[in-house]
Amino acid sequence: MKSNSFPRTRRPLRCLLVAGARPNFMKVAPLLREFRKHPALFRTRLVHTGQHYDEMMSDVFFQELEMPRPDVHLGVGSASHAVQTAWIMEAFEKVLPREDPDWVVVVGDVNSTLACALVAAKMTPPVRVAHVEAGLRSRDRTMPEEINRILTDAIADLLFTTSADADRNLRSEGVDRRKIHRVGNVMIDTLQRFKRRSDASAVLSRLGISPPYALVTLHRPSNVGEARVLRRILSAFESLAREVTLVFPAHPRTRKMLSALNPMHLWKQAGNGIHLVEPLGYLDFLHLQKGATLILTDSGGIQEEATILGVPCLTLRENTERPVTVTHGTNYLVGKDPRTILRAARQVLRHGAKKARPIPLWDGRAASRIVRVFARLRSNR
Ligand code: UD1
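The structure presented is a predicted model; accordingly, all values stated were derived computationally and were not measured.

Enquirer: Run through the packing of aromatic side chains, naming residues and quoting values.
Expert: A full pass over the atoms with the stated rule returns 8 aromatic pairs. Aromatic pair Phe237 and Phe248: ring centres 5.9 Å apart, planes at 85°, arrangement edge-to-face. With a gap of 11 residues between them, Phe237 in helix α10 (residues 227-240) and Phe248 in strand β9 (residues 245-249) connect regions that are remote in the sequence. Here the two residues Phe237 and Phe248 agree in accessibility, since each one is buried. A connected cluster of aromatic rings, assembled from ring pairs, spans Phe35, Phe42, Trp103, Phe160 and Phe374. We note Lys354 situated over the ring of Tyr332; from NZ or CZ to the ring centre the distance is 4.4 Å.

Next comes the structure, spelled out in structure tokens:
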């Protein structure tokens, strides 16, 4: 449907978008852009919960992804899961009557996603909730994100999915199929839009690195929360660094744990090839992903980005909520046993990536499909 074919008769649909943590920003950016192309149809406002608040965990993404400043900033910051979720809920509940949205649109699986969905669903009268990236399931309920996904989907009125497995998960949980819309992957919209621009990044020379290198990220509490587990994973990195340079932009929590274990000192002394660096902005990180021989990660989104970029990815987890990246993409689930990690890494260094098959609808147009669904809803009011 062309934008000018949208009906223009009724008042704009009021959509309140929520972003809170780093992996939300690249999902919200294309949505905001698409909604705001149609000001006669939608009044779109952005709430930033402040779950992530650093320059490098938040601000840089707004600049690089050309996102407007949030209309509302809740400024909650870090705390335990219960306290952080409660703070977001308390602050968001005050915002909702003022904003008076028809829809609250949440993305992903972070605490901000669940907190805002829950507040909206319990308003009197309830505010309808749309969940973008619905239906992903790792089946691992020790992951806080899995709890956030299940609960958000249970109360959402509209569920936008990235893949057929997500549709099946929702159907098996009893979600009415009329609420489910498979639209593709908004994170890939952002990847496609900025892929070329990231070529200009000077991150390699700034960090003093030249290819070949492997890119490493690690931040899951299950991997970095316990010294014993983290030490074992680091031992695999230390062995691998004898064969290929490792670039390791460390999440704040990971850096704290590393400081406690103090391998940086050892790594510097040994002069081995592990470059531990601060978290990077979107364009620098994308540049590093594109040029990497191999990625080792426990992130969700990076499994998807690596798949689209055709870069082999070893996921240091026992499960993934994104199985399509394994069946269609370049992702391998390797767990956290150092020997298995090393074996898999060597295999990839020797033989390269498995070939990725295209994933339907991961084509850079997911946000426009989502906006079309809202446009239809508006015209059916
Ligand atoms: C959150 C998400 C996770 C996502 C990750 C990406 C949940 C449950 N988890 O986890 O799904 O993959 O973001 O980063 O929502 N910190 C800073 N600066 C910041 C933000 C955090 O220093 O801007 C530090 C804080 O000290 C905090 C720690 O990082 O203790 C963790 O932050 P938090 O927002 O609680 O969760 P993440 O682990 O980042």
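There is more to say, and it comes next.
Enquirer: Can you lay out the site of the ligand for me, pointing to particular residues and giving the numbers?
Expert: Lining the immediate environment of the ligand, one finds 21 residues, of which His52, Glu145, His251, Arg253 and Lys256 sit closest. Contact distances for the ligand include 2.8 Å between an oxygen atom and a side-chain N or O atom of His52. The separation between an oxygen atom of the ligand and a polar side-chain atom of His219 is 2.8 Å. Within the complex, the protein chains bury 87% of what would otherwise be the 740 Å² of accessible surface of the ligand. Listed by contribution, the elements that provide at least two residues to the shell around the ligand are α1 (22-36), α3 (81-99), α5 (144-155) and α11 (252-261). Residues of the shell around the ligand, tallied by class, amount to 6 nonpolar, 9 polar and 6 charged. Both of domain 1 (3-185 + 362-379) and domain 2 (197-351) provide at least three residues apiece to the shell around the ligand.

Enquirer: Tell me about the pattern of salt bridges, residues and numbers included.
Expert: Enumeration according to the criterion identifies 32 salt bridges in this entry. One salt bridge in this structure joins Arg137 and Glu173, with 2.7 Å as the shortest N-O distance. Of this pair, Arg137 sits in the loop between β5 (128-132) and α5 while Glu173 sits in the loop between α6 (164-172) and β7 (180-182), placing them 36 residues apart in sequence. Arg137 sits in the buried class, given a relative accessible area of 5%. We note a salt bridge from Arg255 to Glu278, for which the minimum N-O separation is 3.6 Å. One end of the pair, Arg255, is in helix α11; the other, Glu278, is in the loop between β10 (274-277) and α13 (282-291), with 23 residues separating them in the sequence. Judged by relative accessible area, which is 47%, Glu278 ranks as partly exposed. Via salt bridges that share partners, Lys27, Asp109, Glu133, Glu146, Arg149, Glu304, Arg317, Glu321 and Arg322 belong to a single interconnected network.

Enquirer: Which residues make up the domain arrangement of the protein chain, and what values go with them?
Expert: Each assigned domain of the protein chain is listed here: domain 1 (3-185 + 362-379) and domain 2 (197-351). Look at where the C-alpha atoms of domain 1 and domain 2 centre, and you get two points 28 Å apart. The interface of domain 1 with domain 2 comprises 23 residues on the first partner and 19 residues on the second. Summed over the three residues of domain 1 that lose the most area to domain 2, namely Met56, Glu64 and Trp362, the buried surface amounts to 28% of that side. Our enumeration of links across domain 1 and domain 2 arrives at 4 salt bridges.

Enquirer: An account of the sheet that holds β10 is requested, with residue identities and associated values reported.
Expert: Whenever strands of a sheet pair, they do so through backbone hydrogen bonds, lying parallel or antiparallel. In spatial order, the strands read β10-β9-β8-β11-β12-β13; together these 6 strands make up an open sheet with parallel pairing. The open sheet has two free edges, formed respectively by β10 and β13 (331-333), since each of these has just one partner strand. Within the sheet, the average angular offset between the axes of one strand and its neighbour, ignoring direction, is 20°. Direction of pairing for strand β8 (residues 213-216) relative to β9: parallel, over a ladder of 3 bridges. Bridging from a neighbouring strand, Ala214 pairs with Leu246 of β9.

Enquirer: Describe α13, listing the residues and the values that go with them.
Expert: With respect to burial, α13 is a largely interior element, 8 of its 10 residues being buried. Within the span of α13, buried status applies to Tyr282, Leu283, Asp284, Phe285, Leu286, His287, Leu288 and Gln289.

Enquirer: Residues and numbers for α3, please.
Expert: For α3, spanning 19 residues, the distance from its first C-alpha to its last is 26 Å, which sits close to the expected 27 Å at 1.5 Å a residue. Among the residues of α3, Gln84, Thr85, Ile88, Ala91, Phe92, Val95, Leu96 and Glu99 are the ones counted as buried. Looking at the packing, one finds that the buried side of α3 touches β1 (13-19), β2 (42-48), β3 (72-73), β4 (103-107) and α4 (111-121). Immediately downstream of α3, the backbone of Asp100 shows phi near 50°, a positive value.

Rules used throughout
Residues numbered from 1 in each chain as written. Predicted model: local features only at pLDDT ≥ 70, side-chain atom pairs only at ≥ 80, totals over all residues. Heavy atoms only, no water. Phe/Tyr/Trp six-rings, centres within 6.5 Å; stacked < 30°, edge-to-face > 60°. Helix = DSSP H or I, 4+ residues; strand = E, 2+ residues; numbered from the N terminus. Buried < 20%, exposed > 50% of the residue type's maximum accessible area, 1.4 Å probe, protein only. Lys NZ or Arg CZ within 6 Å of the ring centre and 35° of its normal. Near = heavy atom within 4 Å. Polar contact = N/O pair within 3.5 Å; in protein donor to acceptor, adjacent residues only side chain to side chain. Areas by Shrake-Rupley, 256 points an atom, 1.4 Å probe, with all protein chains shown as cover. Nonpolar A, V, L, I, M, F, W, Y, C, P; charged D, E, K, R; others polar. Domains from an automatic or database assignment. Salt bridge = Lys/Arg side-chain N within 4 Å of Asp/Glu carboxyl O. Contact = heavy atoms within 4.5 Å. Buried area = accessible area lost by both parts, 1.4 Å probe. Pairing = 2+ DSSP bridges. Axes fitted to C-alpha atoms, helices over the stretch in contact; angles between N-to-C directions. Expected span 1.5 Å × (residues − 1).

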